[in-house]
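Tertiary structure, described
In case you want the letters, here they are:
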Amino acid sequence: MKVSFLALAGGAAASTPYLAWMADSFIQHGVSKTRSYGEATLYEGYEAAYALTKNETYAEWYRGQIDGAVVLQNGTIASWRYDYYSLDDYRIGNNILWWYERTREAKYRQAADVIRSQLDRHPRTPTGGFWHRDPNYPNQMWLDGIFMADSFYAKWTSLFDAKNESAWDDIALQYDHIDSRTRNRTTDLLVHGYDESLKAVWANPVTGAAPLVWSRAVGWYFMSLLEVIPLFPQSHPGRARLVTYFTTLAEGLKKAQDDESGGWWLIMSEPYPGAPGNYIESSASAMFTFGWLKGINMGLLEKKEYLEPAQKAYRGLTERFVKQNDDGTLNWEGTVEVGSLGSNGTYEYYISIPVVENDHRGAGPFMLASYELESQ
């Protein structure tokens, strides 16, 4: 007899299908028609909702968010700047490729090619890593940027250039660089980024690494690994390295999970968990929960080791961050507005950033985590 993850989750999570409820809620809340990475992340929640329910309302609404507002009929991208190089802008390419796979319409392929061509021109560090943004962050790689650009790079390559070994080498290189320079080998957690030039105010004078583990940056990286691993050719040596990066990070997250809430602190570096100003942050907690659940479903993580803590984490999300309004819609709460290495990178900086409601960077990963539970 097959027992679903959802039934095992217990409490409210056992009886409530949150994916469709959250999808319906954000349609009612209203979502700006932009190509920002926040909206791009939320749209992946709608891809999951459609995959689970086959409700054409979700697809029609989603297409209305993309056509004309992001992808133009001639295959260009609205307000795209061909001379502006920011990895954040590339995340929408994954959503464009979803529409290409669904429809095979040329405009989506052409729009995706715009972003892929931009990657060819994107500035790089001396060792080949993509700058997070030019000219703002020269020679800096952030964990965020891996999610923003390299998932798309791998998806595009898998669809249109799968036999290009040099492309797969280059994709693996981005993960190799960021992991080798930001990971703490004791905790298996990764700091926010590094500066290869050692010039940033926050950069370690020897390694260039940022000083702190900011949980959402780790979440972006964790999610990206899950997106890219199944795309990599089985025979490519980079695939095994990516699997190791994922599984060791998963273990580090298990050690860092808060016992009481089941979630994770905004700043995960010692001695800050539980420190004044720190708090359990919802977007990262949703990302880690999703990562564990999907990792189990992909066969990368052992169910006997990770299912129970993943269920505890999901319960914590529903009890702590999902709030029902009087009109029956849901709000998503507890998401930090931003975190940037354009700062001094201190603890005081990170905890000074406001917490906002209905942030797409938290709601989207929660929808993805819900899919992993509800689809089993």
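A brief look at the structure comes next.

The rules behind the values
- Residues numbered from 1 in each chain as written.
- Predicted model: local features only at pLDDT ≥ 70, side-chain atom pairs only at ≥ 80, totals over all residues.
- Heavy atoms only, no water.
- Helix = DSSP H or I, 4+ residues; strand = E, 2+ residues; numbered from the N terminus.
- Buried < 20%, exposed > 50% of the residue type's maximum accessible area, 1.4 Å probe, protein only.
- Polar contact = N/O pair within 3.5 Å; in protein donor to acceptor, adjacent residues only side chain to side chain.
- Axes fitted to C-alpha atoms, helices over the stretch in contact; angles between N-to-C directions.
- Parallel < 35°, antiparallel > 145°, perpendicular 65-115°, else oblique.
- Left-handed = near helix turned anticlockwise from the far one by under 90°.
- Contact = heavy atoms within 4.5 Å.
- Nonpolar A, V, L, I, M, F, W, Y, C, P; charged D, E, K, R; others polar.
- Phe/Tyr/Trp six-rings, centres within 6.5 Å; stacked < 30°, edge-to-face > 60°.
- Lys NZ or Arg CZ within 6 Å of the ring centre and 35° of its normal.
- Expected span 1.5 Å × (residues − 1).
- Arc of directions from axis to C-beta.

Some remarks on the side chain of serine 283
For serine 283, the position within the fold is in helix α12 (residues 282-297). Classification of serine 283 as buried rests on a relative accessible area of 0%. At 2.8 Å, the side chain of serine 283 forms a polar contact with the side chain of glutamate 281.

A few points about the packing of α12 against helix α15 (residues 360-374)
Each pair of packed helices can be described by the angle between their axes along with the distance between the axes. For the pair α12 and α15, the least separation of the axes is 8 Å and the interaxial angle reads 25°. On the basis of the axis angle, α12 is roughly parallel to α15. In the packing of α12 onto α15, the handedness of the crossing is left-handed. Mapping the contact onto sequence places Ser283, Ala286, Met287, Thr289, Phe290, Leu293, Lys294 and Asn297 in α12 and Arg361, Gly362, Pro365, Phe366, Leu368, Ala369, Glu372 and Leu373 in α15. Class assignment for the residues of the contact of α12 with α15 results in nine nonpolar, four polar and three charged.

Here we look at the environment of isoleucine 267
Secondary-structure assignment places isoleucine 267 in the loop between α11 (237-256) and α12. The spacing of isoleucine 267 and isoleucine 66 is 201 residues in sequence and 34 Å in space, taken between C-alpha atoms. With sequence-adjacent residues up to four places away left out, isoleucine 267 is seen in contact with Leu212, Val213, Trp214, Tyr272, Pro273, Asn278, Tyr347 and Tyr350.

Quick notes on the packing of aromatic side chains
Scanning the entire structure with this criterion turns up 31 aromatic pairs. Between the aromatic rings of tyrosine 46 and tyrosine 58, the centroid separation amounts to 6.1 Å while the plane-to-plane angle is 70°, which identifies the pairing as edge-to-face. Taken as a pair, tyrosine 46 in helix α4 (residues 37-53) and tyrosine 58 in helix α5 (residues 56-66) lie far apart in primary sequence, 12 residues in all. Comparing tyrosine 46 with tyrosine 58 shows no difference in burial state: the two are buried. Judged by centre distance (6.2 Å) and plane angle (55°), the rings of phenylalanine 130 and tyrosine 153 are tilted. Of this pair, phenylalanine 130 sits in the loop between α7 (106-121) and β2 (133-134) while tyrosine 153 is found in helix α8 (residues 143-160), placing the two residues 23 residues apart along the sequence. Taking relative accessible area as the criterion, phenylalanine 130 reaches 2% and is therefore assigned buried. Each residue in the set Tyr43, Tyr46, Tyr50, Tyr58, Trp61, Tyr62, Trp98, Trp99 and Tyr108 is aromatic and connected to the rest through ring pairs, giving one cluster. Here the guanidinium or amino end of arginine 91 rests over the ring plane of phenylalanine 147, the centre of that ring lying 3.6 Å away.

Overview of unusual backbone geometry
Leave glycine aside and you will find that most residues have negative phi; peptide bonds, for their part, are mostly trans. Aspartate 134 connects to proline 135 through a cis peptide bond whose omega is 10°. Locating proline 135 in the fold gives a position in the loop between β2 and β3 (140-142). Following glutamate 270, the chain continues to proline 271 via a peptide bond in cis, the omega torsion being 10°. Considering the arrangement of structural elements, one finds proline 271 in the loop between α11 and α12. Look at asparagine 139: it is not a glycine, yet its phi comes out positive at around 65°. For asparagine 139, the location among the structural elements is in the loop between β2 and β3. Judged by its relative accessible area of 16%, asparagine 139 falls in the buried class. The phi dihedral of asparagine 358 falls on the positive side, at around 60°, and the residue is not glycine. Counting through the fold element by element, asparagine 358 comes out in the loop between β8 (355-356) and α15.

Regarding helix α3 (residues 18-29)
One turn of the α-helix equals 3.6 residues, which is why residues spaced by three or four share an orientation. For α3, spanning 12 residues, the distance from its first C-alpha to its last is 16 Å, which sits close to the expected 16 Å at 1.5 Å a residue. For α3, the complete set of buried residues consists of Tyr18, Leu19, Met22, Ala23, Ser25 and Phe26. One side of α3 holds all its buried residues, which, seen down the axis, span an arc of 165°. One or two positions beyond α3, positive phi appears at glycine 30, with a value near 95°.

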